[in-house]
Amino acid sequence: MDEISRTQCAMSSDPENGRIVSVAVPVPLRRAFDYATDTDIEPGTRVLIPFRNRKLVGVVLPNSPSASTRSLKPILRVLDGEPAVSPLMLEFFLWASGYYHHPVGEVIQAALPPPLRKAVALYDPDTARYFSRNEDIPDDVAMAQLARAPKQKQLYRCLASGQCMNLNELARLPELHDAGHLSSVMRNLVKRGLIIATGRPSGVIVPFAGTLNPEQRKALSRIEESAGHYCSHVLHGITGSGKTEIYLHSIENCLEAGKQALVLVPEISLTPQLVERFTNRFGNRVHCYHSGMNPAQRYRTWWKARNGTAGVVLGTRSAIFAPIRNLGRIIVDEEHDLSYKQLDGFRYHARDMSIKRASLEKVPIILGSATPSMESMENVQTGKYRISRLRRRTGKANLPEIELIDLRKQPARDGLSTRLVEVLGQQLAENKQTILYINRRGYAPVAECPQCQWRSSCDRCDAYMTYHKISARLRCHHCGRIARKPDYCPQCRSELFFRGAGTQRIEEALGRLFPDARVFRFDRDKLGTFRKLQHTLESINSGKADIIVGTRLISKGHDFPKVTLVGVINPDPGLYSVDFRAPEQLFQELVQVAGRAGRGKDPGRVLIQTTHPDNAYMEMVRHQQFDDFFRICREERRTARVPPFSHMALWRAESRRPEAGLEFLERIRRQGKNLAISMNLTSMQIMDPVSSPMERMDDRYRAQLLVKSSCRGQLHRVLAPWAEWVENASSGKRLRWSLDVDPMEMC
Ligand code: ADP
Ligand code: ZN
Ligand code: ZN
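The model shown is predicted, which means the values in this text are computed figures rather than measured ones.

Caption draft 1: Representation of the coordination of the zinc ion (ligand 2) in the model. At 2.2 to 2.4 Å from the zinc ion (ligand 2) lie its protein donor atoms, namely Cys449 (SG), Cys452 (SG), Cys489 (SG) and Cys492 (SG). Coordination at the zinc ion (ligand 2) is tetrahedral, judged from the four donor atoms that bind it and the angles of 103 to 115° they form at the metal. Motif for the zinc ion (ligand 2), donor spacing along one chain: C-x2-C-x36-C-x2-C. Placement of Cys449 in the loop between β18 (446-448) and β19 (466-468) and of Cys492 in the loop between β21 (482-484) and β22 (497-499) is noted, with a sequence separation of 43 residues between them. Cys449 gets classed as buried once you look at its relative accessible area, which sits at 2%.

Caption draft 2: Structural view of the coordination of the zinc ion (ligand 3). Those donors, Cys458 (SG), Cys461 (SG), Cys476 (SG) and Cys479 (SG), are the protein atoms that reach the zinc ion (ligand 3), and they lie 2.2 to 2.4 Å from it. Geometry at the zinc ion (ligand 3) is tetrahedral, judged from the four donor atoms that bind it and their angles of 104 to 114° at the metal. Each donor residue of the zinc ion (ligand 3) belongs to the same chain, and together they define the spacing C-x2-C-x14-C-x2-C. Each member of the pair Cys458 and Cys461 is classed as buried.

Caption draft 3: Quick peek at the packing of helix α1 (residues 87-99) against helix α2 (residues 104-111). Following both chains from N to C, one finds α1 and α2 inclined at 125°, their axes separated by 9 Å at the closest point. Between α1 and α2, the interaxial angle falls into the category oblique. Crossing hand, α1 versus α2: right-handed. Contacts from Leu90, Phe93, Leu94, Ala96 and Ser97 of α1 reach α2 at Val104, Val107, Ile108 and Ala111. Taken together, the residues that form the contact of α1 with α2 break down as eight nonpolar, one polar and no charged.

Caption draft 4: View of the site of ligand 1. Neighbouring residues of ligand 1: 15 residues in total, closest Thr211, Gln216, Thr244, Arg277 and Thr394. Residue Lys243 places a main-chain N or O atom 2.9 Å away from an oxygen atom belonging to ligand 1. Here an oxygen atom of ligand 1 sits 2.7 Å away from a polar atom, N or O, in the side chain of Arg277. Coverage of ligand 1 by the protein amounts to 73% of the 560 Å² it exposes when considered alone. It is helix α8 (residues 243-256) that provides the largest number of residues to the shell around ligand 1, a total of three residues. Classifying every residue of the shell around ligand 1 gives three nonpolar, eight polar and four charged.

Caption draft 5: Broad picture of the sheet that holds strand β25 (residues 563-568). Sheet architecture is open: six strands sit in the order β16-β26-β25-β17-β24-β23, paired in parallel fashion. Of all strands in the sheet, those bounded by a partner on one side alone are β16 (401-406) and β23 (519-522). Sheet twist, expressed as the mean angle between neighbouring strand axes with direction ignored, is 20°. Both β16 and strand β26 (residues 605-610) contribute to a ladder of six bridges, which runs parallel. The residue bridging Glu401 from the neighbouring strand is Arg605, located in β26.

What counts, and at which threshold
Residues numbered from 1 in each chain as written. Chains lettered and ligands numbered in written order. Predicted model: local features only at pLDDT ≥ 70, side-chain atom pairs only at ≥ 80, totals over all residues. Heavy atoms only, no water. Donors = N, O, S within 2.8 Å, 3.2 Å for Na, K, Ca; no water. Tetrahedral: all angles 85-135°; square planar, octahedral: opposite > 155°, others 65-115°. Helix = DSSP H or I, 4+ residues; strand = E, 2+ residues; numbered from the N terminus. Buried < 20%, exposed > 50% of the residue type's maximum accessible area, 1.4 Å probe, protein only. Axes fitted to C-alpha atoms, helices over the stretch in contact; angles between N-to-C directions. Parallel < 35°, antiparallel > 145°, perpendicular 65-115°, else oblique. Left-handed = near helix turned anticlockwise from the far one by under 90°. Contact = heavy atoms within 4.5 Å. Nonpolar A, V, L, I, M, F, W, Y, C, P; charged D, E, K, R; others polar. Near = heavy atom within 4 Å. Polar contact = N/O pair within 3.5 Å; in protein donor to acceptor, adjacent residues only side chain to side chain. Areas by Shrake-Rupley, 256 points an atom, 1.4 Å probe, with all protein chains shown as cover. Pairing = 2+ DSSP bridges.

Structure follows, in structure tokens:
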């Protein structure tokens, strides 16, 4: 770090009285930086510091700084009167930084809500946020006082006696649309003492109306036994078996003991329906935390988590950073879900971080899933985690029957086989709802010329551009490139042919086959916003849809009680993937979508179209046998020595020049070999650098280098000095590199 002379400093550090603190700075460097200060600053406090030519917000670490007497730059400002980050959360972040070998400053930056990444002091978002009338002042007295303040009077009137509202809620009232600047009007009312700013009264718990079944009771009591100390519980329950109900019971106990709960769900499961299920039970003690919220909302949840007033923090991956003061339970729903892994920047896995957090906080954690991950199941096998099982659906619902349609015997037209079309006809005749699942947006994944073999390749990626018929465009789903669809083959002017099917093509074919059916398309192109999604869900559940054609978006979380048939259009790509996790992901995906059928009182069935009906995994899906699946998958992983039977890290590099990434990774490989030898780490396996499966993406060439070890400790011991070496060896901005510890995608 470049240093400025002491005379230039606004605040000099006297070597006798001055102190030195170690600060986590949000820069991509794997170290902390020392600064001078003449006051005591507690670890966890945010400070404004000079860094190169910028001013940055850093957090004081508990590390002992290097005791050097050289003149250091002084801290510019202590931003808060108290630490924003508690000692436990600091320990958590330092652990994460060490485990993922990611710069601590960036870890902490990712964990803070956006407003705190700037040089503003901590503030209580609640003061003056909610307002109610001062009930000590009679109405007529108030009205007399406001006789000559029409705007204040109008606002006062809108806030009825006994009500408690915030400015956003007030602004939505039709009477107040032209009330000018509500906040300044409100400020005057508060000044007069007519209105009081308060917090919102805390919610009441509405108890469960039913009774838990014996399996649920058993699972709950096993979990609750461990209240007050760390224990990981896998809750393995088929779809619709009442897992969520167990979460709610456990949270209720937790709240009654005066503690807070953290609930993580996958991104696409955090639906209005789910939030409602929580708020119906715990009222406004429930606070959401996810990246779709605006910075002020996120800060509000962060604040309430930290001061103990948020009873339940419900969020996606990033909610693991919520600074819950008095944590009693952690729940990770669909713990196997890939969206828990952050794919860029600080590449953490929120489930794995949750387990660490539970152990630091000494609280039980529930890992719920119908298809638990191989990693979690292995921890059950070795006795590290406990497991409870729910084998039956609640109420009268049964698991749907699954039938495989052999596409070799009856080819599909526009993605639909005759058998599927026939059953769809029956469904419509009986007025029953159907979901058709196809994990592909657009009309067709590739346009091609039957004469000259031209294909709709993307200029910037090793991939084809998808044809979107509705917008008449070709789109690359990897880099976002959009092109007009050519009317004829650009090379030989022949008519183009569209291979494969996406949601739009299925939707169109259904329109032709069943002109009277009400077909809803459920994909990212159609449902841009949360509100649109909510609206569509409501329409579906009120019976306005006959057939819903949807992508992964529809496969999770949603409870569609009227759906009795699920058709899976094309699961086969999952069978061809080279990724060792592909069978696991295919099994999880198919069990999830199948689980959408027959959740109400009518029994459900599932039709899966495939060209591989005799594939062993397809067979297991058909029988919905998780235990068999787990046994066989486990054997395969053990033989192949892949996770959970080994531990991995993946170096990635990307560059404009094709060879640059591979060359850099080769230098990294050699350094790693030397380190492993000199540190006597015999379990390390360092592969050769290779091009990524999709080498070119967005005009960058991508390469990777896999590192494997049977011993997690050895892997981490070599990664620490290795990452530091790479950080120093990397040359400028032309080449991007990253390190992914426990990679979930090998591409
Ligand atoms: P999962 O989370 O395993 O998919 P849910 O907890 O959502 O299952 O339960 C499925 C449905 O059954 C929900 O509508 C839920 O309200 C209901 N349910 C859960 N437990 C019971 C019970 N013990 N008695 C009656 N209904 C229940
Ligand atoms: Zn052609
Ligand atoms: Zn592209």
